[in-house]
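Residues per chain, in single letters:
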Amino acid sequence: MAVVTISSKGQIVIPVSIRKTLGINPNTKILLTLSEDKTKALLEPLPENPIETLTGIFKDYPDSLADELLEERKRDRGKE
């Protein structure tokens, strides 16, 4: 945990110990998200390759997304 001050330009300095722990280097892209109640902010370093962020996001999805899309298209054709 660290207390930081926001500059007049809205900038903050992330302490070196936190940057090292998170692997944040110059030019690292950071994802900034708000909590659902909008009382907290979360900073998360993004991988250099954005594809890595998406890899495996549907691994726990029980059905084939392609099969589901084909079924949906069949249902839509039946409505026409």
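Visitor: When you look at the overall build of the chain in this model, what are you seeing that I'm missing?
Guide: Along the chain, the regular secondary structure elements total three helices and two strands. Counting from the amino terminus, helix and strand elements in the chain follow one another as α-β-β-α-α. Over its C-alpha trace the chain gives a radius of gyration of 21 Å, far above what one expects of a compact globule, namely 12 Å for 80 residues. On the principal axes, the C-alpha backbone points of the chain span a range of 60 × 25 × 20 Å. Across the 80 residues that make up the chain, the buried fraction comes to 1%. Across the chain, the fraction of contacts at a sequence separation of at least 24, relative to all contacts at a separation of at least 6, is 5%. Carbon and sulfur atoms form 56% of the exposed surface of the chain, whose accessible area is close to 7,800 Å². Of the charged side chains in the chain, 12 are positive and 13 negative; the average position of the first set lies 9 Å away from that of the second.

Visitor: Help me understand the pairing of strand β1 (residues 30-34), please; the structure alone is not making it clear to me.
Guide: Note on strand geometry: in a regular strand, side chains alternate between the two faces of the sheet. The pairing of β1 with strand β2 (residues 41-45) spans five bridges and is classified as antiparallel. Within β2, the residue paired with L34 across the bridge is A41. Joining the antiparallel neighbours β1 and β2 is a turn of six residues, in which K38 adopts a positive phi near 60 degrees.

Visitor: Mind showing me how you'd approach a negative patch on the surface here?
Guide: On the surface, D63, D67, E68, E72, D76 and E80 cluster together into a patch of negative charge. One can find E72 in helix α3 (residues 65-79).

Visitor: What should I look at first to understand the confidence of the model for the chain in this one?
Guide: Reading fine detail from the predicted coordinates is not recommended where pLDDT is low. Per-residue pLDDT for the chain averages 86, and the proportion of residues at 70 or more is 96%. Mean pLDDT in the chain bottoms out at helix α2 (residues 50-54), which sits at 71, and peaks at helix α1 (residues 16-22), which reaches 92.

Visitor: Explain unusual backbone geometry to me, please; I cannot follow it from the model alone.
Guide: As a rule of thumb, non-glycine residues mostly have phi less than zero, and peptide bonds are mostly trans rather than cis. If you check the backbone angles, N27 has positive phi at about 75 degrees while not being a glycine. Among the structural elements, N27 can be located in the loop between α1 and β1. Phi angles above zero are rare outside glycine, and K38 is one such case at about 60 degrees. Its location among the elements puts K38 in the loop between β1 and β2.

So, how was this worked out
- Residues numbered from 1 in each chain as written.
- Predicted model: local features only at pLDDT ≥ 70, side-chain atom pairs only at ≥ 80, totals over all residues.
- Heavy atoms only, no water.
- Helix = DSSP H or I, 4+ residues; strand = E, 2+ residues; numbered from the N terminus.
- Rg over C-alpha atoms; globule rule 2.2 N^0.38 Å.
- Buried < 20%, exposed > 50% of the residue type's maximum accessible area, 1.4 Å probe, protein only.
- Contact = heavy atoms within 4.5 Å.
- Areas by Shrake-Rupley, 256 points an atom, 1.4 Å probe, with all protein chains shown as cover.
- Lys, Arg positive; Asp, Glu negative; His and termini not counted.
- Charge placed at Lys NZ, Arg CZ, Asp CG, Glu CD.
- Pairing = 2+ DSSP bridges.
- Patch = residues over 30% accessible without salt bridge, like charges linked within 9 Å, V, L, I, M, F, W, Y side chains within 5 Å.
- Salt bridge = Lys/Arg side-chain N within 4 Å of Asp/Glu carboxyl O.
- pLDDT = per-residue confidence, 0-100.

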